[in-house]
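# Chains, contacts and geometry: an overview
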Amino acid sequence: QVQLVESGGGLVQPGGSLRLSCAAAGSIFSINSMGWYRQAPGKQREFVATITGGGSTNYAEFVKGRFTISRDSAKNTTYLQMNSLKPEDTAVYYCNTNVKLRRFGVSFNYWGQGTQVTVSS
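Residues numbered from 1 in each chain as written. Predicted model: local features only at pLDDT ≥ 70, side-chain atom pairs only at ≥ 80, totals over all residues. Heavy atoms only, no water.

### Remarks on the pairing of strand β1 (residues 2-7)
Where burial is concerned, the two faces of β1 differ: the one with Val2, Leu4 and Glu6 is buried and the one with Gln3, Val5 and Ser7 is not. Note: β1 against strand β3 (residues 18-26), six bridges, orientation antiparallel. Of the residues in β3, the one forming a bridge with Gln3 is Ala25. (Buried < 20%, exposed > 50% of the residue type's maximum accessible area, 1.4 Å probe, protein only. Helix = DSSP H or I, 4+ residues; strand = E, 2+ residues; numbered from the N terminus. Pairing = 2+ DSSP bridges.)

Below you can see the structure in the form of structure tokens.
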């Protein structure tokens, strides 16, 4: 099994910044990707950003230029630096990872418990 532990959420004023962290723990052979999704009240969960094991990144249009995803491979940890935050960024942010538990095994998808980000004055 793989556990994802998120941290870094909180309350911030519009225009402010927050940095989310997500650490993957467990018997992981390799990480295919780690990423972030978010879900606002009354809305469906949506993609925010992802980073592959090779370091390639992808972002949702609404966060390009404001959010940056990065990773520390040695720690199986991904970070989401969020700048110029807007009230519409308010949501529960969920970490996601796609991993292999064995060299020739199938890949599995795991989710974190979520961390609340609130942007309000």
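### Details of the pairing of strand β11 (residues 115-119)
Here β11 shows one buried face, formed by Thr115, Val117 and Val119, and one open face, formed by Gln116 and Thr118. Relative to β11, strand β9 (residues 91-100) runs antiparallel, the two sharing three bridges. Bridge assignment links Ala91 to a residue of β11, and that residue is Val117.

### So, the nonpolar core
Core analysis: the biggest nonpolar cluster contains 30 residues, and Trp36, Leu80, Met82 and Tyr93 have the highest contact counts within it. Elements supplying a minimum of two residues to this core: β1, β3, β4 (30-39), β5 (46-52), β7 (67-72), β8 (77-82), β9 and β11. Dropping the residues within four chain positions of it, Leu80 is found in contact with Leu18, Arg19, Leu20, Trp36, Val48, Ala49, Phe67, Thr68, Ile69 and Tyr93. (Core = buried A, V, L, I, M, F, W, Y, C linked by side-chain atoms within 4.5 Å. Contact = heavy atoms within 4.5 Å.)

### So, the state of the cysteines
A complete count under the given rule lists one disulfide for this structure. A sulfur-sulfur separation of 2.0 Å characterises the disulfide bridge that pairs Cys22 with Cys95. Judged by the sign of its S-S torsion, about -85°, the bond between Cys22 and Cys95 is left-handed. Taken as a pair, Cys22 in strand β3 and Cys95 in strand β9 lie far apart in primary sequence, 73 residues in all. (Disulfide = S-S within 2.5 Å.)

### Focus on the packing of aromatic side chains
Summed over all chains, the structure comprises two aromatic pairs. Note on Tyr37 and Phe47: the rings are 5.6 Å apart at their centroids and 75° apart in plane angle, and the pair reads as edge-to-face. Remark: Phe47 occurs in strand β5 and Tyr37 occurs in strand β4; sequence separation between them is 10 residues. Residue Tyr37 is classed as partly exposed on the basis of its relative accessible area of 24%. Judged by centre distance (5.0 Å) and plane angle (65°), the ring pair of Tyr37 and Trp111 falls under edge-to-face. Residue Tyr37 is located in strand β4, and its partner Trp111 is located in strand β10 (residues 107-111); the two are separated by 74 residues in the primary sequence. A residue is classified by how much of its surface remains accessible, and Trp111, at 38% relative accessible area, is partly exposed. Three or more aromatic residues link up through ring pairs in this structure, and these residues are Tyr37, Phe47 and Trp111. (Phe/Tyr/Trp six-rings, centres within 6.5 Å; stacked < 30°, edge-to-face > 60°.)

### Concerning the pattern of salt bridges
Tallied over the entire structure, the rule returns four salt bridges. Lys64 serves as the salt-bridge partner of Glu61, at 2.8 Å between the closest nitrogen and oxygen. Put simply, Arg38, Glu46, Arg66 and Asp89 are held in one network by salt bridges that share partners. (Salt bridge = Lys/Arg side-chain N within 4 Å of Asp/Glu carboxyl O.)

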